[in-house]
Amino acid sequence: MSVAFVFPGQGSQAPGMGLDWADFDEAAADLYQWASACLGWDLSETLRTATPDELRQTYIAQPAIFCVSVAAFRALEAAGIERPAYVAGHSLGEFSALVAAGALSFEAGITLVARRAEAMQRAADARPGSMSSVLGLSAEGVEMAVEAAAQGQVLAVANDNAPGSVVVSGEWAALERLPAAAEELGAKRVMPLNVGGAFHSPLMASAAEAFGPYLAAAPLRDPAIPLVANATAEVVTRGEELRELLARQLTGRVRWTESVRRMAALGVDTFVEVGPGTVLAGLIKRTVDGVRVLSAGDAGGVTAVAEALREPVEGPAAQGDDQGEVVVLPERFAVSPGHGRFYPVTPSRFTDEGPYVEQGDLLGEVRNGAASIPVRSPFRGWVMAHLAWEGELVTPGQILLSLRPF
């Protein structure tokens, strides 16, 4: 068994996730306290009292996600899990991966994350923009759509997340032209994202410039565990090389699809998402076949992952043909009841924390010719992420979307 630990970035989950864990896990609580000392403000108290909109602010969300991810990694270490063969992180998650690889201390990591978040926010305020997700179109097709929609303005592929899931970043006017250009090339949908800026694009040039001195002074060491870098999707083993790659990451593309395929080609057969949410787990499942994907975002998830890694499963996990749910650590997944194309419905129930469903609510339908099979929620829960896009060809038992039960 060859294992890779992957670490999520901003947007993976509500940043307050993991706070309850810190409340009863002494090691995690100590980590939050030390983070607060490094940041100069009380991270735990902010997560308890801030509004959902405030929690989405870059300067809060990024340190919080970093802390949860490192706490989860430390808990896996305490559980006796052997160190992985490779590590990687999506955008912000690359800093958590560096801590796991021994290239960066937690204290230096939280300081860099805070300075990076501040630089990104200032750059976003100075040169406004946003991001949109293009579904159902290859990365090459999205690049063609970007070229057609840019018309002299800043527009670039920001995240190549998985086959058929690519994020574009740039100026508002160019993003408004993107849907028509992408759909003409065959995209299923273009969805604006609720983010604070045009991240991973040339509009972040001032952020890279401001962040440069902090990177230059950071005590980066050669990683003890090889890291697959966002900027190149190549294995990195030298600390000095990391500085240049971390700077490029701010204005360049996150090559996540290539990174996952690189690790699989190197023999990785088990991926563990270490940190809040299961977004990366869903992306990995859509990128490579025949691998095991686990998630460790809280104390229960860490325990389950530790048990799973001690007792490897031979072959893919069996899935029934009936509509229902697949239980994967703290979250559950609605699965396809049959063959056909999946068409989700827009959630009708919302709170400040996001969309949710009651048991029996319609999640979408699977169409096969004239036949239509409804997909209903088997329980009451929050809608976390859609893992199949509109019109995707699905098979019985395939995961469609993730839910977190109440």
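See the structure shown above.
Since this is a predicted model, take the numbers as computed values, not measurements.

With that out of the way, let us pick up the packing of helix α7 (residues 106-126) against helix α10 (residues 205-217). The contact between α7 and α10 brings their axes to 8 Å, and the two run at 160°. Between α7 and α10, the interaxial angle falls into the category roughly antiparallel. As α7 packs across α10, the resulting crossing turns out to be right-handed. Listed contacts from α10 to L112, R115, R116, A119, M120, R122 and A123 of α7 are S206, A207, A210, F211, Y214 and L215.

Applying the stated criterion across every chain, the model contains six aromatic pairs. Look at F7 and F73: their rings are 6.4 Å apart centre to centre, the planes differ by 65°, and that puts the pair in the edge-to-face class. Taken together, the residues span a long stretch of sequence, with F7 in strand β1 (residues 3-7) and F73 in helix α5 (residues 58-78) at a distance of 66 residues. Judged on exposure class, the residue F7 and its partner F73 are both buried. Aromatic rings pair up to connect F5, F7 and F73 into one cluster. Positioned over the ring face of Y343 is R367, at 4.0 Å from the centre of the ring.

In this section: the sheet that holds strand β19 (residues 392-394). Read across the open sheet, the four strands follow the order β17-β16-β13-β19; overall the sheet is antiparallel. At either end of the open sheet lies a strand with only one pairing partner, and these are β17 (371-376) and β19. With strand direction ignored, the average angle separating the axes of adjacent strands in the sheet is 35°. The pairing of strand β16 (residues 362-368) with β17 spans six bridges and is antiparallel. Looking at the pairing, L362 lines up with R376 of β17.

What counts, and at which threshold
- Residues numbered from 1 in each chain as written.
- Predicted model: local features only at pLDDT ≥ 70, side-chain atom pairs only at ≥ 80, totals over all residues.
- Heavy atoms only, no water.
- Axes fitted to C-alpha atoms, helices over the stretch in contact; angles between N-to-C directions.
- Helix = DSSP H or I, 4+ residues; strand = E, 2+ residues; numbered from the N terminus.
- Parallel < 35°, antiparallel > 145°, perpendicular 65-115°, else oblique.
- Left-handed = near helix turned anticlockwise from the far one by under 90°.
- Contact = heavy atoms within 4.5 Å.
- Phe/Tyr/Trp six-rings, centres within 6.5 Å; stacked < 30°, edge-to-face > 60°.
- Buried < 20%, exposed > 50% of the residue type's maximum accessible area, 1.4 Å probe, protein only.
- Lys NZ or Arg CZ within 6 Å of the ring centre and 35° of its normal.
- Pairing = 2+ DSSP bridges.

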